[in-house]
Amino acid sequence: MSSQFINLTNVSYTLPNGDELFSNISYNFTSSEKAAIVGDNGVGKTTLLNIIAGKLEATSGSVKRHAAISYLKQDINSIKGSVRDVIDNGELINNSWEMEPDILKMVEFIYSDDRLDDDFSSLSGGEKQKILIAKAFLSDADIIFFDEPTNNLDKSSKKNFFNLIENYANGIVIVSHDRELLNRMDTILELTANGIKSYGGNYDFYMEEKRKERQNLEERKSEYESKLSKLNTQKIKNSIQKERGRKYGEKEIDNNRYPRIMANSLKGKAEVSAGKKDREFDSKIKDHKSELSDIRTSLRDERIKIAAIEKPFIKKTLLEINNLEFSYGDNKILSGINLIMSGADRLLIRGDNGSGKTTLIKLITGELKPEAGEVKLNGDVIYLNQTLSLLDREESVVDNILNYTSLTKTESYYVAADFKFKKDDASKLVKHLSGGELLRATLAVILGSKKQPQLIILDEPTNNLDIKSIDILEDALVQYQGAIIVVSHDRAFVGNLNITKELSL
């Protein structure tokens, strides 16, 4: 049996403004468990990870640690010093030839390129991430904590990282939206404002359990709707009987069949009995409505339905690239690139970090000019970067829809509602939106009207999204009938987009 290395008991955390982020978190992390913490953006996953790792104090509750910990945080750009300093005075180098082969593959560039004395901040995001991941595994910690570790990793680096995880004998706790990584965990911990729930399996197992839970909720919803219908019918019948009893008592009094006192007494008893039944019905109806409201809230689906387009997208050539070349100074980035895309093609651009994927996108959108060759683009194009910076942050959701489309103010409100911004939510300023809300608002601008772009370009769109938001984005792009160019290392996301072409750099 695995020993318990980190014990959480009734852990809660309150934000500086007094809002409670989460409460009553209790869980025992063991020495060999590989666990992932999942949940919506803003629910407090990183905060909880910091508390578990001892980087942040809980507002209440207790955390007991009996383990050596290594922690790779998400914000790696704040790390200063030379590469040599970052890897702890040669720890990585001295152990280099005894390392696991996958660790060597992740950091081999620092041996061949003699870059140990380079400023760490000058490295690319992928290079930084690989060094820090290698350092974490070399620490031989009892438990390693990772916060979104695959965001900057290319395909080959992710493969090496996954191998390291699978072969690591000690505990691992991650926060990640990468479903490929989540499927390599043996426990999924779902964090909500009400606490944490453990699912003893990988992400696919978790999703199947969530499907069963939803099915159970749907059945309970039908059950309570049926109960409410019957109760309302019974209440109406009781009211009818109560009215009949009142009229019958008055008739008997008028006909002098019973003495007035006796008749009034019988009438009063009947009314009391009927009134008691009414109160019982009202109480049950109130309870059932409350239960039904909770169930409907749990079942609330945030998926959106995009607008039907005004006219079909063009079927002819949409994008043509001929013998494209581009360099940064003496560094040749792209050479001999040729590509043709038609109306509804869906292109995946593959390549390791530094191979020129983002540069190619900038050449397609016209942000950069080719050194040689040409790029011909026919039709409207929208580029969605990782930060979803398309919208005016100082404007409201509905005003952004109004500004980017030819819709009226009223029509813009209808579109906002279609994308789950109803009533006052449509008037929220973009700068106050959560990550998931920002995604929905951006999709409302792009896909909410009948006039939609003929090409959408996405550069690592899932990096800053939670899993629910990724599902929404996938669903919208599957409905979209135009062309797509996507750069992504998220294999699960790409696998759901019905890719028709690939370009490897």
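Residues numbered from 1 in each chain as written. Predicted model: local features only at pLDDT ≥ 70, side-chain atom pairs only at ≥ 80, totals over all residues. Heavy atoms only, no water.

K.L.:
Outline the nonpolar core, listing residues and values.
P.N.:
The biggest cluster of nonpolar side chains holds 40 residues, and the ones touching the most others in it are V83, I131, I133, F137, F146, F161 and I174. Here this core gets six residues from one element, more than from any other, and that element is helix α6 (residues 125-138). Residues contacting V83, with those up to four places away along its chain left out, are I110, R115, L116, D118, F120, L123 and I131. In this structure, V415, A426, I446 and L473 belong to the second largest nonpolar core, which totals 38 residues. (Core = buried A, V, L, I, M, F, W, Y, C linked by side-chain atoms within 4.5 Å. Buried < 20%, exposed > 50% of the residue type's maximum accessible area, 1.4 Å probe, protein only. Helix = DSSP H or I, 4+ residues; strand = E, 2+ residues; numbered from the N terminus. Contact = heavy atoms within 4.5 Å.)

K.L.:
For the sheet that holds strand β13 (residues 372-377), give the residues involved together with the corresponding values.
P.N.:
Here we have three strands laid out as an open sheet, ordered β11-β10-β13, and antiparallel in their pairing. The outermost strands of the open sheet, each flanked by one partner alone, are β11 (331-342) and β13. Strand-to-strand twist in this sheet, taken as the mean axis angle between neighbours without regard to direction, amounts to 15°. The pairing of strand β10 (residues 317-328) with β11 spans eight bridges and is classified as antiparallel. Among the inter-strand pairings, L319 is bridged to a residue of β11, identified as M341. Here helix α11 (residues 357-365) sits on the sheet and contacts β10, β11 and β13; the angle it forms with β10, its principal contact strand, is near 125°. (Pairing = 2+ DSSP bridges. Axes fitted to C-alpha atoms, helices over the stretch in contact; angles between N-to-C directions.)

K.L.:
Go over helix α13 (residues 409-418), please, and point to the residues and values.
P.N.:
All buried positions along α13 are accounted for by S412, V415 and A416. Each buried residue of α13 lies within a common arc of 100° when the element is viewed along its axis, so the set occupies one face. Where α13 is buried, its residues touch α12 (397-404) and α14 (435-447). Two residues or fewer past α13, K420 is found with a positive phi of approximately 70°. (Arc of directions from axis to C-beta.)

K.L.:
Summarise the sheet that holds strand β16 (residues 483-487); cite the residues concerned and give the values.
P.N.:
Spatially, the five strands line up as an open sheet ordered β14-β15-β16-β12-β17, and their pairing is parallel. A single partner strand is all that each edge strand has here, and the edge strands are β14 (381-384) and β17 (501-504). Each adjacent strand pair in this sheet contributes to an overall mean axis angle of 15°, direction not counted. Direction of pairing for strand β15 (residues 455-459) relative to β16: parallel, over a ladder of five bridges. From the neighbouring strand, I456 faces β16, where its bridge partner is I484. In the packing of α11 onto the sheet, contacts are made with β12 (346-350), β14, β15, β16 and β17, and the angle to β15 comes to roughly 150°.

K.L.:
So, the packing of aromatic side chains: which residues are in play, and what are the values?
P.N.:
Applying the stated criterion across every chain, the model contains 11 aromatic pairs. Ring centres 4.9 Å apart and planes at 85° place the aromatic pair F326 and Y328 in the edge-to-face group. Residue classification places F326 among the buried positions, given a relative accessible area of 9%. Sitting above the plane of the F421 ring, R440 keeps its charged end 4.7 Å from the centroid. (Phe/Tyr/Trp six-rings, centres within 6.5 Å; stacked < 30°, edge-to-face > 60°. Lys NZ or Arg CZ within 6 Å of the ring centre and 35° of its normal.)

K.L.:
Describe the environment of L324, naming the residues involved and giving the relevant values.
P.N.:
Topologically, L324 is positioned in strand β10. Put simply, L324 and E374 are 50 residues apart on the chain and 6.0 Å apart in space, counted from C-alpha to C-alpha. Setting aside chain neighbours within four positions, we find L324 in contact with L334, S335, G336, I337, L360, L363, P370, A372, G373 and V375.

K.L.:
How would you summarise the pattern of salt bridges if you had to cite specific residues and measurements?
P.N.:
Taken as a whole, this structure holds 19 salt bridges when the rule is applied. Taking the shortest distance from any N to any O, the salt bridge between R179 and E474 comes out at 2.6 Å. Of this pair, R179 sits in helix α8 (residues 179-182) while E474 sits in helix α15 (residues 467-479), and the two are 295 residues apart along the sequence. Note on R179: relative accessible area 9%, which makes it buried. A salt bridge links E208 to R211, with the shortest nitrogen-to-oxygen separation between them at 2.6 Å. One end of the pair is E208 and the other is R211, both in helix α9 (residues 203-254) and three residues apart, which spans about a single turn. Given the relative accessible area of 32%, E208 is considered partly exposed. Of the residues examined, R211 reaches a relative accessible area of 43% and is grouped as partly exposed. Connected via shared salt-bridge partners are K158, D178, E180 and R491. (Salt bridge = Lys/Arg side-chain N within 4 Å of Asp/Glu carboxyl O.)

K.L.:
How would you summarise the pairing of β15 if you had to cite specific residues and measurements?
P.N.:
Summarising burial for β15: five of the five residues are buried, a large majority. Burial of β15 is two-sided: the residues L455, I457 and D459 facing one way and the residues I456 and L458 facing the other way are all buried. As paired elements, β14 and β15 share four bridges and run parallel to each other. Counterpart to I382 in the pairing with β15 is I456. Note on the crossover from β15 through α15 to β16: the handedness is right-handed. (Right-handed = clockwise from strand over helix to strand, strands pointing away.)

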